[in-house]
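# Secondary and tertiary structure notes
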Amino acid sequence: MLRLEKLVKTYKTGDQALQAVDMEIPEGQVMALIGPSGAGKSTLIRCINRLVEPTSGNVYLGETELTGLSSGALRRERRRMGMIFQEYALVERLTVMENVLSGRLGYVGFWRSFLRKYPQSDVDEAFRLLDRVDLAHMADKRADELSGGQRQRVGICRALIQNPALLLVDEPTASLDPKTSRQIMRLICELCKERGLAAIINIHDVALAQMFVQRVVGLRFGAIEFDGPPDALTPDVLTTIYGEEDWEATIEKVDDDDIEAAE
Amino acid sequence: MSASTTELETLIGKPWKKPPFIKRPWLRWLLALGFVAYLIAAFLTIEVNWSRVYEGLTRGKAFVLAFTSPDFTTRSSDIYDGMLESIIMTVAASVVGIGISIPIALGAARNVAPLPIYLVCRGIIAVSRALQEIIVAILLVAIFGFGPLAGFLTLSFATIGFLSKLLAEDIESMDRVQAEAIKASGAKWLQWINYGVQPQVMPRLIGLSMYRLDINFRESAILGLVGAGGIGATLNTAFDRYEYDTAAAILILIIVIVMALEYLSGIIRARVQ
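Along every chain, residues carry numbers that run from 1 in the direction the sequence is written. For naming, the first written chain is A and the first written ligand is 1, with later ones following in the order written. In keeping with the model being predicted, local features are shown solely for residues with a pLDDT of at least 70 and side-chain atom pairs are shown and tallied solely at 80 or more, while totals for entire chains, interfaces and linings include all residues.

Helical segments are the DSSP runs of H or I of at least four residues, strand segments are the runs of E of at least two, and each set is numbered from the N terminus. Scanning chain B for helices and strands turns up 11 helices and zero strands. Element order for chain B, N to C, with α for helix and β for strand: α-α-α-α-α-α-α-α-α-α-α. The globule rule used for comparison is 2.2 Å times the number of residues to the exponent 0.38, while the radius of gyration itself is calculated over C-alpha atoms. Compactness check: chain B gives a C-alpha radius of gyration of 27 Å against a globular reference of 19 Å for 273 residues, more than 25% above the reference. The principal-axis extents of the C-alpha atoms in chain B amount to approximately 90 × 65 × 35 Å. In chain B, which comprises 273 residues, the proportion classed as buried is 35%. Relative to all contacts within chain B whose residues are 6 or more apart in sequence, the contacts with residues 24 or more apart total 70%. Neighbour counting defines burial: a residue surrounded by 20 or more other C-beta atoms within 10 Å of its own C-beta is buried, one with 12 or fewer is exposed, and intermediate counts give partly exposed, using backbone-placed C-beta atoms. Each residue gets a C-beta atom placed from its backbone, and two residues are in contact if those atoms lie within 7 Å.

Written out as structure tokens, the structure is:
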């Protein structure tokens, strides 16, 4: 469904964020991308929808090659890739509904979006999604009035209303408490299952990732160090990804309270 | 470990001071003494003609006393016409100026516009800011003749330099991720501006527009002095005729209107935040 071939990103400063990454994600698979800060996780998912331009290599979404697309064609392909952000990235001065509907911008014309006259089917779908995440009653609140967990749920609605085939999820739980983190991860994984979506989830919290995903890829210095099922993450593997540390507490099934400490 | 322990021992028990901005002491003292010497020398060059000041004091007193008995009635139709002209000039120039400023501000924000457009828009802003209002007004009065048209054009032109620059700076300092999220949904450029950028800069745009309206009104009183119409022309005439009571009435009206605008902009800014 998604295939990366020798994807390289070298920043202008000379930092090699990605070194020839090869990866394939089949339809409907939820994958966690782990690795230390600066390993290139964020760069990797931003190179897929070209918020960051890759230096070389290819990205195939289905049959379409993304890196060579013109800006118009890229916009059309971006509709098939929903993105969920660290710190939510909602437009804070817009209402919850406007934020959700902004996921339809790739489908509606400028004047419709400017006048907020979205097709009824889009509005209905927005309410259905908001109801699915228990936020239908908040539709007309401004985004900056919501709590962190609520904001991230709006972010999830915004990504899903695009009707994507793939979710790119960047640190969805980075600024949430342990309980909300679990709820958000569970919600993302459930929704992926319901809709048969593939997802790449960047995540720092190894224990949380192990709980929910089917596959884990470990990135270190922009190269893949590990690729396998979550229960194959042994202390040795974590040491090759992150460096020397006592990993026992991280891999054990942990209580809610311990999750943050396990980071 | 032991090396740092001995280093620590040399530090313990000594007072700590913030490192000076200029490290070399002789340079620091030289600059300070030079500044003081310059200040004294500068004051010594000011020549005051005390007998002239004494004469002027009576005229100044007449001027200040006129504020106790402002004359709104004698020239009321002139004041009314001038005021109306100023207000029309101000509102028209603000609307046109702001309308032109917004696209230029977008072009002058490096995170929104490509380099060639950025350079052109920054160039326009630099020209507008380099030319002082009075100079532009004198030029435009020479071209279009006396009257409010020259004033209107001057204020519109000045608004562009002011508003575009400050709005562009606000766009440049916006939260990049919010805009990125809109881009990731496949939005077109205009949609991206409308959803990702506009909500972030709207309070600043409204605040700056209100402030500029206020400035334009005050400027319109000055522009009359060089023949560009408005209440300034009436004010100038009053001064020329030594009608300080009428001049005082005009100044009081200007102050009241500026204060009303200030109050209004406070309310509006509190609402849009």
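For the rest of this paragraph, the subject is the interface of chain A and chain B. On the side of chain B, 19 residues touch chain A, which itself brings 22 residues to the contact. For the side of chain A that touches chain B, the secondary structure elements donating two or more residues are α2 (71-78) and α4 (110-114) of chain A. Classes in brief: Ala, Val, Leu, Ile, Met, Phe, Trp, Tyr, Cys and Pro nonpolar; Asp, Glu, Lys and Arg charged; the others, Gly included, polar. Of the residues belonging to the side of chain A that touches chain B, the class tally is nine nonpolar, six polar and seven charged.

So, on to the nonpolar core. By convention in this section, buried Ala, Val, Leu, Ile, Met, Phe, Trp, Tyr and Cys residues joined through C-beta atoms within 7 Å make up a nonpolar core. By size, the foremost hydrophobic cluster in this structure holds 114 residues, and its most contacted members are Val100(A), Ala199(A) and Ile201(A). Counting residues per element, this core draws most heavily on helix α7 (residues 148-172) of chain B, which supplies 12 residues. Among residues more than four places away in sequence, those in contact with Ile201(A) are Val30(A), Met31(A), Ala32(A), Leu33(A), Val169(A), Pro172(A), Ile188(A) and Val213(A).

Relative to the helices and strands, Gly72(A) resides in helix α2. In this structure the C-alpha to C-alpha distance between Gly72(A) and Leu167(A), which are 95 residues apart in sequence, comes to 21 Å.

Moving on to the sheet that holds strand β9 (residues 215-220) of chain A. Backbone hydrogen bonds are what pair the strands of a sheet, in a parallel or an antiparallel way. Residue and element names in this part refer to chain A. The criterion for strand pairing is that DSSP finds at least two bridges linking the strands in question. If you trace the six strands from one edge of the open sheet to the other, you get β6-β7-β8-β3-β9-β10, paired in mixed fashion. This sheet does not close on itself; its edge strands, each paired only once, are β6 (81-84) and β10 (223-228). For this sheet, the mean inter-axis angle between neighbouring strands, taken without regard to orientation, is 20°. Note that strand β3 (residues 30-34) and β9 share four bridges and pair parallel. The partner of Leu-33 across the bridge, within β9, is Val-217. Every angle, taken between N-to-C directions, lies between 0 and 180 degrees, and every axis is a line fitted to C-alpha atoms, over only the stretch in contact when it is a helix. Here helix α7 (residues 178-195) sits on the sheet and contacts β3, β7 (166-170) and β8 (198-202); the angle it forms with β8, its principal contact strand, is near 165°.

Glancing now at unusual backbone geometry. Residues and elements named next belong to chain A. A positive phi is found at Ala-89, a non-glycine position, where the angle reads about 55°. Among the structural elements, Ala-89 can be located in the loop between β6 and α3 (96-101). You will see that Asn-163, though not glycine, has its phi angle at about 55°, which is positive. As for its placement among the helices and strands, Asn-163 is situated in the loop between α6 (148-160) and β7. With 15 C-beta atoms counted inside 10 Å, the residue Asn-163 sits in the partly exposed group.

Take the sheet that holds strand β2 (residues 16-25) of chain A next. Residue and element names in this part refer to chain A. On the basis of which strands lie adjacent, the open sheet formed by four strands has the order β2-β1-β4-β5 and antiparallel pairing. The open sheet has two edge strands with one neighbour each: β2 and β5 (64-65). For strand β4 (residues 56-61) and β5, the ladder comprises two bridges, and the chain directions are antiparallel. Directly across from Tyr-60, in β5, lies its bridge partner Glu-65. Packed onto the sheet, helix α1 (residues 41-48) meets β1 (2-10), β2 and β4 and runs at close to 60° relative to β2.

Moving on: the confidence of the model for chain A. Residue and element names in this part refer to chain A. On average, residues of chain A score 89 in pLDDT, and 95% of them are at 70 or above. Along the chain, pLDDT gives the predictor's confidence residue by residue, from 0 to 100. Of all secondary-structure elements in chain A, the lowest mean pLDDT belongs to helix α11 (residues 256-262), at 44, while α3 reaches the highest, 95. Contacts for the low-pLDDT stretch residues 254-263, under 50 throughout, to residues beyond four places or in other chains number 18 contacts.

For the rest of this paragraph, the subject is the packing of helix α5 (residues 115-130) of chain B against α7(B). All names here are of chain B. Where α5 meets α7, the closest approach of the two axes is 8 Å, and the angle between their N-to-C directions is 125°. Here α5 is positioned oblique relative to α7, judged by the angle of their axes. Here α5 runs over α7; the crossing is left-handed. Contacts from Ile-124, Ile-125, Ser-128 and Arg-129 of α5 reach α7 at Phe-157, Ala-158, Ile-160, Gly-161, Ser-164 and Lys-165. Of the residues that constitute the contact of α5 with α7, the class distribution is five nonpolar, three polar and two charged. Working definition: roughly parallel below 35 degrees, roughly antiparallel above 145 degrees, roughly perpendicular at 65 to 115 degrees, and oblique for all remaining angles. Handedness of a helix crossing follows the sense of rotation of the near helix relative to the far helix, less than a right angle counterclockwise being left-handed and clockwise being right-handed.

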